[in-house]
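# Working through the structure, step by step
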There are 2 protein chains.
Amino acid sequence: MPNPTAAMLVIGDEILSGRTRDANMHHLAGQLTESGIDLKEVRVVSDDAPAIIAAVRALSGAFEHVFTSGGIGPTHDDITADCIAAAFDVPIDVRDDARALLQAHYDRSGQELNTARLRMARIPDGATLIENPVSTAPGFILRNVYVMAGVPSVFQAMVASVLPTLTGGAPLLSRTLRVVRGEGDIAGPLSDFAQEFTDLSVGSYPFFKDGVHGSNIVVRGSDANRLSVAMDALGALFSE
Amino acid sequence: MPNPTAAMLVIGDEILSGRTRDANMHHLAGQLTESGIDLKEVRVVSDDAPAIIAAVRALSGAFEHVFTSGGIGPTHDDITADCIAAAFDVPIDVRDDARALLQAHYDRSGQELNTARLRMARIPDGATLIENPVSTAPGFILRNVYVMAGVPSVFQAMVASVLPTLTGGAPLLSRTLRVVRGEGDIAGPLSDFAQEFTDLSVGSYPFFKDGVHGSNIVVRGSDANRLSVAMDALGALFSE
């Protein structure tokens, strides 16, 4: 059975303007690979309702799981929750359980649960909360969409609580052979090799380092034995 | 007149599997912001022809410029050039000027321009070459799509040669006010502020650092005077 498929939607002007370098995509990609869920596409869109709504609809229709990051804080530019509700045409309002979490958090810290903070308790109808052990304000799951924070420490905590609940396939394993030859030299035999191992994915990534010109050949698959057979064949093919 | 719009398409399994952390998106985002071109969307797709073709068509129809990175090397998994040709339904073959560039390069280095390397001279009909001062194999421009390499040093060199040829708007300037107060505290007055300066974009980004809980308020716009007025007002609003 093929692995489940997933997409990610990164929401935020700060990524597209170059102000912030996104870290969540790389983190999620690694975690999904370990879980045997195939990340097929990532989109980054700005804090713009029509763009977010269109992307949520497209990705949620095309893939089994969609993970979003960003736009669930208390400020006026945090519009993700409302956009998710709009994408699925469901109502959204402050929800009692989310409000109670925030109330307890701000009571502990002696701060006021004001109108702005209460925005973080706006949850679309029918959603399940995702725990936030870092700063309390929850994420949520609606249909096949997992809505999480953009702050990397919070995003990572939410991913850690969500991933164990998903049924993944066999983890995708990868093995790398480093060859000190340019891609143009190895491309012919490597193409033949890839056609012999069509059940594996074979990629080649050039490097130039310390004056050395070489290629990292990466073979990916979920069957460890089959990977070993392939790596032996690859080693024989490119033995120096 | 509004700034021209742009999208980026990152092509490569190595990003989606988490093996490689993409660096090109952040680089391009910063360069476009300086050039007064608004990056509106980024997509990352795998080395899969239907996915690449669909993304090229969607982005090229929706935005004024599309920049791609990845998949133009000599190995079997480098399928970008063929996908761009397919997306626009134009023929593709080895082109004489691209072959001559490669021939000269490999003659200089005493290597053979073999079948695999010759793949890098496959250029869709009607495209214009993009110079590659790092490793010679060219990128190309077809319609509104700029096809560039994934290796960061090559990508950056190609961006540097392409951007000056594009007509941008006024560069997007940004100013940041660091406030040692949580987002929930500032969200109310910040929302009023954003409504007073609707010609500027106002974002808020929380930070937790060394036990301190605060917010970076970022104001973006292309009119330096207007930004100064806004920052003065913001400073008065959040003076400690």
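Everything quoted here is computed from the prediction, not taken from an experiment.

## A closer look at the overall build of chain A
Within chain A, the regular secondary structure consists of 9 helices and 11 strands. With respect to the three principal axes, the spread of C-alpha positions in chain A is 70 × 40 × 35 Å. Burial status across chain A gives 45% buried among its 240 residues. Excluding contacts between residues fewer than 6 apart, the proportion of contacts in chain A whose partners are at least 24 apart in sequence is 68%.

## Considering the sheet that holds strand β10 (residues 201-209) of chain A
Residue and element names in this part refer to chain A. Ordered in space as β9-β11-β10, the 3 strands form an open sheet in which the pairing is antiparallel. Of all the strands in the sheet, just β9 (173-179) and β10 have a single pairing partner and so form its edges. Shown here is a sheet whose adjacent strand axes are inclined to one another by a mean of 20°, direction ignored. Taken together, the 9 bridges between β10 and strand β11 (residues 212-221) define a ladder with antiparallel strand orientation. Paired with Lys209 across the bridge in β11 is Val212. In the packing of helix α8 (residues 183-196) onto the sheet, the strands contacted are β9, β10 and β11, and the crossing angle to β10 comes to about 170°.

## Regarding the relation of the copies chain A and chain B
Laying chain A over chain B is done by rotating through 180° and shifting 0.0 Å along the axis; what remains is an RMSD of 0.0 Å. On this basis, the relationship between the two copies can be described by a two-fold rotation axis. Relative to the rotation axis, the C-alpha of Arg43(A) is the closest in chain A, positioned 2.2 Å from it. Here 98% of the interface residues in chain A have copies in chain B that are interface residues too; the copies meet face to matching face.

## Digging into the nonpolar core
As a rule of thumb, soluble globular proteins bury nonpolar side chains together. Core analysis: the biggest nonpolar cluster contains 100 residues, and Leu9(A) and Leu9(B) have the highest contact counts within it. For Leu9(B), the contacting residues outside a window of four places in its chain are Arg43(B), Val45(B), Ala55(B), Val56(B), Leu59(B), Val66(B) and Thr68(B).

## Side note on the interface of chain A and chain B
Taken together, the 47 residues of chain A in the interface contact 46 residues of chain B. Taken together, the elements giving at least two residues each to the side of chain A that touches chain B come down to α1 (13-16), α2 (24-35), β2 (38-45), α6 (115-118), α8, β10 and β11 of chain A. Residues that form the side of chain A that touches chain B fall into these classes: 18 nonpolar, 18 polar and 11 charged. In the sheet, β2(A) pairs with strand β2 (residues 38-45) of chain B via 5 bridges, with the strands oriented antiparallel. Each residue of the ladder has a partner; that of Glu41(A), found in β2(B), is Val45(B).

## Description of the sheet that holds strand β7 (residues 139-142) of chain B
Overall, mixed pairing links the 12 strands, which are arranged β6(A)-β7(A)-β8(A)-β3(A)-β1(A)-β2(A)-β2(B)-β1(B)-β3(B)-β8(B)-β7(B)-β6(B) in an open sheet. The open sheet is flanked by β6 (128-130) of chain A together with β6 (128-130) of chain B, the only strands paired with a single partner. Direction aside, neighbouring strands of the sheet carry axes that sit 20° apart on average. Across 4 bridges, strand β3 (residues 65-69) of chain A lies against strand β8 (residues 145-148) of chain A in parallel orientation. The partner of Phe67(A) across the bridge, within β8(A), is Tyr146(A). Docked against the sheet, helix α4 (residues 80-88) of chain B engages β1 (5-11), β3 (65-69), β7 and β8 (145-148) of chain B, running at close to 165° with respect to β8(B).

## Examining α4(B)
Within α4(B), burial applies to Thr80(B), Ala81(B), Cys83(B), Ile84(B), Ala85(B) and Ala87(B). Once α4(B) finishes, Asp89(B) follows within two positions and takes phi at roughly 60°, a positive value.

## As for the domain arrangement of chain A
By the assigned domains, chain A splits into domain 1 (5-165) and domain 2 (173-237). Computed from C-alpha atoms alone, the centre-to-centre distance between domain 1 of chain A and domain 2 of chain A is 37 Å.

## A closer look at the confidence of the model for chain A
A low pLDDT means the predicted coordinates there should not be read in detail. Here chain A averages 93 in pLDDT, and 100% of its residues register 70 or above. Both confidence scores are given for the complex: pTM 0.91, ipTM 0.90.

## A few points about the pairing of β7(B)
All names here are of chain B. Of the strand pairs in this sheet, β6 and β7 are connected by 3 bridges, and their pairing is antiparallel. For Leu129, the partnering residue across the bridge sits in β7 and is Phe140. As paired elements, β7 and β8 share 3 bridges and run antiparallel to each other. Along β8, the bridge assignment pairs Phe140 with Val147. The loop that links β7 with its antiparallel partner β8 comprises 2 residues; one of these, Arg143, has a positive phi angle of about 50°.

## So, the packing of α2(A) against helix α7 (residues 152-162) of chain A
The packing of two helices is summarised by the inter-axis angle and the distance between the axes. Residue and element names in this part refer to chain A. Put simply, α2 and α7 touch, their axes get as near as 10 Å, and they point 20° apart. Our classification of the angle between α2 and α7 gives roughly parallel. The element α2 and its partner α7 pack so that their crossing is right-handed. When α2 is examined against α7, the residues Asn24, His27, Leu28 and Gln31 are found in contact with a partner set consisting of Pro152, Phe155, Gln156 and Val159. Each residue belonging to the contact of α2 with α7 can be placed in one class, and the counts come to 4 nonpolar, 4 polar and no charged.

## Structural notes on the environment of Met158(A)
All names here are of chain A. Relative to the helices and strands, Met158 resides in helix α7. Taking the C-alpha atoms as reference, Met158 lies 9.2 Å from Val134; in sequence the two are 24 residues apart. When neighbours within four sequence positions are excluded, Met158 is seen to be in contact with Ile130, Asn132, Gly139, Met148 and Ala149.

Cut-off values and rules
Residues numbered from 1 in each chain as written. Chains lettered and ligands numbered in written order. Predicted model: local features only at pLDDT ≥ 70, side-chain atom pairs only at ≥ 80, totals over all residues. Helix = DSSP H or I, 4+ residues; strand = E, 2+ residues; numbered from the N terminus. Buried ≥ 20, exposed ≤ 12 C-beta atoms within 10 Å, placed from the backbone. Contact = placed C-beta atoms within 7 Å. Pairing = 2+ DSSP bridges. Axes fitted to C-alpha atoms, helices over the stretch in contact; angles between N-to-C directions. Least-squares fit on C-alpha atoms with pLDDT ≥ 70 in both. Core = buried A, V, L, I, M, F, W, Y, C linked by C-beta atoms within 7 Å. Nonpolar A, V, L, I, M, F, W, Y, C, P; charged D, E, K, R; others polar. Domains from an automatic or database assignment. pLDDT = per-residue confidence, 0-100. Parallel < 35°, antiparallel > 145°, perpendicular 65-115°, else oblique. Left-handed = near helix turned anticlockwise from the far one by under 90°.

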